[in-house]
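Structure assessment
Chain by chain, the residues run as shown.
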Protein chains: 2
Amino acid sequence: MRIVLDAMGSDDCPGPEVQAAIEATGQFGDPLILVGPADRLKPMLSEASYEADRILLVDAPDTINMEDKGLKLALKAKRRGSKTSMAVGMDLVLSGEADAFVTAGNTGGALATAYYRLGTIPGVERPALTALFPVKGGYCVVLDIGANPECKPFHLLQFAMMGTVYANRVRGLPNPRVGLLSNGEEAGKGNELVKGTYPLLEASGLNFIGNVEGKELFGGEADVVVMDGFTGNILLKSSEAVAKLIVDVLRQELMANTRTKIGALLAKPAFANIKRMLDPGEVGAAPLLGINGLVFIGHGRSDAHALVSAIHTARQAVEANLLEALRDAIQQQLQQVPVRFQAEKAEQLYD
Amino acid sequence: MRIVLDAMGSDDCPGPEVQAAIEATGQFGDPLILVGPADRLKPMLSEASYEADRILLVDAPDTINMEDKGLKLALKAKRRGSKTSMAVGMDLVLSGEADAFVTAGNTGGALATAYYRLGTIPGVERPALTALFPVKGGYCVVLDIGANPECKPFHLLQFAMMGTVYANRVRGLPNPRVGLLSNGEEAGKGNELVKGTYPLLEASGLNFIGNVEGKELFGGEADVVVMDGFTGNILLKSSEAVAKLIVDVLRQELMANTRTKIGALLAKPAFANIKRMLDPGEVGAAPLLGINGLVFIGHGRSDAHALVSAIHTARQAVEANLLEALRDAIQQQLQQVPVRFQAEKAEQLYD
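Rules used in this analysis
- Residues numbered from 1 in each chain as written.
- Chains lettered and ligands numbered in written order.
- Predicted model: local features only at pLDDT ≥ 70, side-chain atom pairs only at ≥ 80, totals over all residues.
- Heavy atoms only, no water.
- Contact = heavy atoms within 4.5 Å.
- Buried area = accessible area lost by both parts, 1.4 Å probe.
- Salt bridge = Lys/Arg side-chain N within 4 Å of Asp/Glu carboxyl O.
- Polar contact = N/O pair within 3.5 Å; in protein donor to acceptor, adjacent residues only side chain to side chain.
- Helix = DSSP H or I, 4+ residues; strand = E, 2+ residues; numbered from the N terminus.
- Nonpolar A, V, L, I, M, F, W, Y, C, P; charged D, E, K, R; others polar.
- Core = buried A, V, L, I, M, F, W, Y, C linked by side-chain atoms within 4.5 Å.
- Buried < 20%, exposed > 50% of the residue type's maximum accessible area, 1.4 Å probe, protein only.
- Least-squares fit on C-alpha atoms with pLDDT ≥ 70 in both.
- Pairing = 2+ DSSP bridges.
- Axes fitted to C-alpha atoms, helices over the stretch in contact; angles between N-to-C directions.

Remarks on the interface of chain B and chain A
Contact residues are listed per partner, giving 52 residues for chain B and 52 residues for chain A. Between chain B and chain A, a total of about 4400 Å² is buried, with carbon and sulfur atoms accounting for 74% of that surface. For the pair chain B and chain A, the number of links is two salt bridges. With a shortest N-O distance of 2.4 Å, Lys-237 of chain A and Glu-213 of chain B are connected by a salt bridge. In this assembly, chain B and chain A are joined by ten residue pairs in polar contact (both at pLDDT 80 or more). It is helix H9 (residues 229–254) of chain B that provides the largest number of residues to the side of chain B that touches chain A, a total of 17 residues. Broken down by class, the residue content of the side of chain B that touches chain A amounts to 28 nonpolar, 13 polar and eleven charged.

Here's what the structure looks like:
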């Protein structure tokens, strides 16, 4: 198995990536492709101690950074011969020289590059950004968290199908429970999109548990929760912000005086679980579901440990034949008459 | 000044309401109207010790409860002669016998009752449910958190105007900063609604600081943040759920062994601030902005302390002439040609 790691992804790149590449090859045995500017990476690798034939360095002098937007980003993503680490890395997946691409870089850049270079799985209209949310007792597969600010019911149906395959194949859940994020648990609640999606999910054959709210999502009552990319992005970012606010206030208060400082010291092990829960390294990376190739995006704040964890997630997906499973599921579902019929009916409301 | 308190609002009603009525009259001096089933309330009041002429009991034998939905709720809210505590209480506001109505009851019920009985401020198309979010360094006025799952740009403009008046008059902020919740800070980011709203807010004369994400909202960088009611409801509920998850995990971990238990005991004062931050009693109550009368909704979990705080908030609004200020602001803004013109232009995209 060959994973390509984007050397220019994380906030502190390429240091963590180089370290992660070395650790991952040691840990998993397989060689790994590191893609990025050779003139920067070669000296770093030559200083490090590892088996030289385990890390294949592929030169990509250009990068996509946080400032790349709009047309500039589209060109870097799309252009034939683009030499960004993302373009070169994904081209290796396209040509079959690698099995999956892992990056901790600009999410929009990865999405655009994947969309233009790898395309979507036949039958998939919209690829979705996926995140693993830490919830009570584990994780929840949440999508779309930002690829598609405007969605139609059929897109949410496909997100649910793809999320189910991911939760089943990679996260090992036998019959993932699928929830539809809404502003109320009752069937009639929601905006027009949610109301149009509900009957599609009901008829989908998925393990649809109905509308869910924040309580059910973070309470661990669903394994997959779907929504449009605008709502999902706000959900993701506000959840992170609330968690940060609470941790910040608590930290400040714990440093208030000697008594609380001693208390904090004694209680330290208890805070470890919270920290782990909020640590991007724990979830590894989230897939771009619907892209016709395996692409995993880790958190920008990833360190080497988080990147190794991201590589591990990508390896699990390759081993589980995730891409084929997604292709099969999409094909099967598209052939189901009731789903397609109802989807078309619902679509008419939005066209 | 006369505030009407719904005796049948909170989860444990009417005990907390009776106690709050007694405390509030003692604390604020003015008499207070308690509305609810007289046969239940009279015995409770006669057992209590207070100056009898300070609490005016108005009989309302019927209630709106959490099970009231759809047509049943609409009838209870709308029907002439409806004897729910909300209907009777708001009728007192309509007739001028009371200055503001306070309830900790069913939000949908309060909204429907207010909409049918008090109507909207002239020029306001949609009333908005408003919440005060605890954020870094204080509170943020957030609307709409659930009244309108589908909105147009003009509605969000009005929410921003009303939120600004509220933040200014009741929360005492001289020039409230207004943010538009979006999936990115840049001006071009957002779904169609956000993109349509942005230019309206820019031209509004409000202190518009642009798009905000969870980071800015919970970081205390805006005083008012507007959004459609679907997104706002999900924001509210998921934020509460994340906070609960973190507190639950922490509590569980702190009870893990003797060392952490002692640590927790010593660090206890530090947790008080978090608890206060998440305590509904601290924010008192949130207004139904856009209704042609002052209606305040407290949290269902309110105890007597929280209800007194809710009454206090309502009193501040009455003293600040909130309703007149809202009416004036709406009238002034509607007369501004550029805003109206741009609003109409933006509306066309959605009609």
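Section: the nonpolar core
With 242 residues, the main nonpolar core has Phe-133, Leu-217 and Leu-322 of chain A together with Phe-133, Leu-217 and Leu-322 of chain B as its most contacted residues. Contact partners of Leu-322 of chain B, with chain neighbours within four places excluded, come to Val-165, Tyr-166, Arg-169, Val-170, Leu-289, Leu-294, Phe-296 and Ala-317 of chain B.

Some points on the relation of the copies chain B and chain A
Here chain B sits on chain A after a turn of 180 degrees about the axis and a move of 0.0 Å along it, with an RMSD of 0.0 Å. Taken together, these values place the two copies in the relation of a two-fold axis. Distance from the rotation axis, computed per C-alpha, reaches its smallest value in chain B at Gly-263 of chain B: 1.9 Å. Here 100% of the contact residues of chain B are again contact residues in chain A; the copies associate through an equivalent surface.

Examining the sheet that holds strand E8 (residues 207–212) of chain B
All names here are of chain B. Strand order in this open sheet of eleven strands is E3-E2-E1-E4-E11-E10-E5-E6-E9-E7-E8, and the pairing throughout is mixed. The strands lining the two open edges of the sheet, one partner per strand, are strand E3 (55–59) and E8. For this sheet, the mean angle separating the axes of adjacent strands, direction not counted, is 25 degrees. Summarising the sheet, strand E7 (residues 177–181) and strand E9 (residues 224–226) pair through three bridges and their orientation is parallel. From the neighbouring strand, Leu-180 faces E9, where its bridge partner is Val-226. Packed on one face of the sheet, helix H1 (residues 15–28) meets strand E1 (3–6), strand E2 (32–36) and E3 and runs near 170 degrees to E2. Packing against the sheet, helix H4 (residues 85–94) makes contact with E1, E2, E3, strand E4 (100–103) and strand E11 (294–297), and its axis sits at approximately 160 degrees to E4.

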